[in-house]
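Residue-level structural notes
Next come the chains, spelled out residue by residue.
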Amino acid sequence: MSTPTPWLIEHGRTIGGDQTFVIAEVGSNHDQSLDLAFESIDAAAEAGADAVKFQSLQMDALYYDPPEDVQELYAKIDLEEDWHAKLKSHCDEKGVIFFSSPTYLGAVDLLRSLEVSLFKLASAQVGTFPQLVERVAAQGTPTILSTGLVSYGELERTVESFRRHNNDRFAILHCNSIYPTPFERVHLPLMETYREMFDCPVGFSDHTPDIFAPLGAVARGACIIEKHFTLSRDLSTPDASISIEPDGFERMVKGIRAVEKTLTPALRTDIEPEEENFKESIRYRLVLDKEKEAGSEFGTTDFRFLRHDHGVDCRDVRNVIDHMQAKQPLSKGSLLEWSHLEGKE
């Protein structure tokens, strides 16, 4: 299997490189307030996010004759189309990447007009809306695909669409569309299945209650982590209760960066210098358990083995017994040094 070349997105961020690409999924946690959306971008950037993602939602572009409960929901989560440019501009000012999940065809054209450097296809669209998938694939723009509601067959057809448009810059996020997801139903090894099936970067879109699953995903090779983000879990938005607040997000990013460092490969031909210094300090040395005259030979019962930072190493006891004799009188309890020994006559 080949190693995909990392994609340079913008603001110096890459996908598939040495550093995990971390997405703060603000989604609909703007609570219909542009100022709150701006504050969310600020907090996500400060917490270490590489990108901030929204959801391009418009009920009138999604539903035919929506029932009352859908109308009530979308009154809280619709994203005004004229916000997109403002959100992108604010992200640019903060040095993070703006992108969004288009859910209707017009949103793809809107995002393209803003020259976004990245698309996200949510599993709801991958699994149900091939026309939208086709339009995104045709853009030739790097795209992240989520899999929560997607079968293998649907994912294969999506990948075929991208490759038909000569767009190989796609990544697949393992995702559980269970809110929240119990840890025992996460099934992180699916990431590796997707990597083997499609030879592409993989990652994890997390809906668990804490930060442990993302850290485990990075340890298993995720190069992208997406986590729902909110300024407060007390917001009335539908996703706030399954989102993480800025302090938790920052802790997650710090954890990810720490895990990345633990994955630095190294050969174990030699132990580390610090380990070698400690090892030397605890070596077992030969301490005489009997008095010895000059010219005396040594036997197996002549020594105790005690730790010290110098003296004859216990590993050399056979050499001392077989080939050496006392060069001078030695008292019981003395630490044996090589200067006390000479070869047998």
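As shown above, the structure is provided for reference.
Among the secondary structure elements, Asp302 is positioned in the loop between β11 (284-288) and β12 (303-307). We classify Asp302 as buried; its relative accessible area is 4%. Separated by 2.6 Å, the side chain of Asp302 and the backbone nitrogen of Gly299 make a polar contact. Every residue in contact with Asp302, bar those within four places of it in the chain, is listed here: Val287, Leu288, Asp289, Lys290, Lys292 and Glu297.

By the definition in use, this model includes 24 salt bridges. Of the charged contacts in the structure, one is a salt bridge between Lys344 and Glu297, with a shortest N-O distance of 3.5 Å. Taken together, the residues Lys344 in the segment after β14 (341-343) and Glu297 in the loop between β11 and β12 connect sequence positions 47 residues apart. Residue class for Lys344 comes out partly exposed when judged on its relative accessible area of 30%. The closest approach of N and O atoms between Asp322 and Arg318, which form a salt bridge, is 3.1 Å. Of this pair, Asp322 and Arg318 are both found in helix α13 (residues 317-323), four residues apart, which corresponds to roughly one turn of the helix. Within the structure, one salt-bridge network assembled from shared partners comprises Glu276, Glu280, Arg283, Asp313 and Arg315.

The next thing to look at is the side chain of Ser101. Relative to the helices and strands, Ser101 is located in strand β5 (residues 97-102). Exposure remark for Ser101: the relative accessible area of 2% places this residue in the buried category. Within polar-contact distance, the side chain of Ser101 engages the side chain of Lys53 at 2.6 Å. With residues near it in sequence (within four places) discarded, Ser101 still touches Lys53, Phe54, Gln55, Ser56, Lys120 and Ala122.

The next point concerns the packing of helix α10 (residues 212-219) against helix α11 (residues 246-262). α11 packs onto α10 with a crossing angle of 25 degrees between their chain directions and a minimal axis gap of 9 Å. Considering the angle they form, α10 stands roughly parallel to α11. By crossing handedness, the relation of α10 to α11 is classed as right-handed. Each of Pro214, Leu215, Val218 and Ala219 in α10 lies in contact with α11, whose residues at this interface are Met252, Gly255, Ile256, Val259 and Glu260. The residue makeup of the contact of α10 with α11, split by class, is seven nonpolar, one polar and one charged.

Conventions and cut-offs
Residues numbered from 1 in each chain as written. Predicted model: local features only at pLDDT ≥ 70, side-chain atom pairs only at ≥ 80, totals over all residues. Heavy atoms only, no water. Helix = DSSP H or I, 4+ residues; strand = E, 2+ residues; numbered from the N terminus. Buried < 20%, exposed > 50% of the residue type's maximum accessible area, 1.4 Å probe, protein only. Polar contact = N/O pair within 3.5 Å; in protein donor to acceptor, adjacent residues only side chain to side chain. Contact = heavy atoms within 4.5 Å. Salt bridge = Lys/Arg side-chain N within 4 Å of Asp/Glu carboxyl O. Axes fitted to C-alpha atoms, helices over the stretch in contact; angles between N-to-C directions. Parallel < 35°, antiparallel > 145°, perpendicular 65-115°, else oblique. Left-handed = near helix turned anticlockwise from the far one by under 90°. Nonpolar A, V, L, I, M, F, W, Y, C, P; charged D, E, K, R; others polar.

Taken by themselves, the reported measurements are silent on function.
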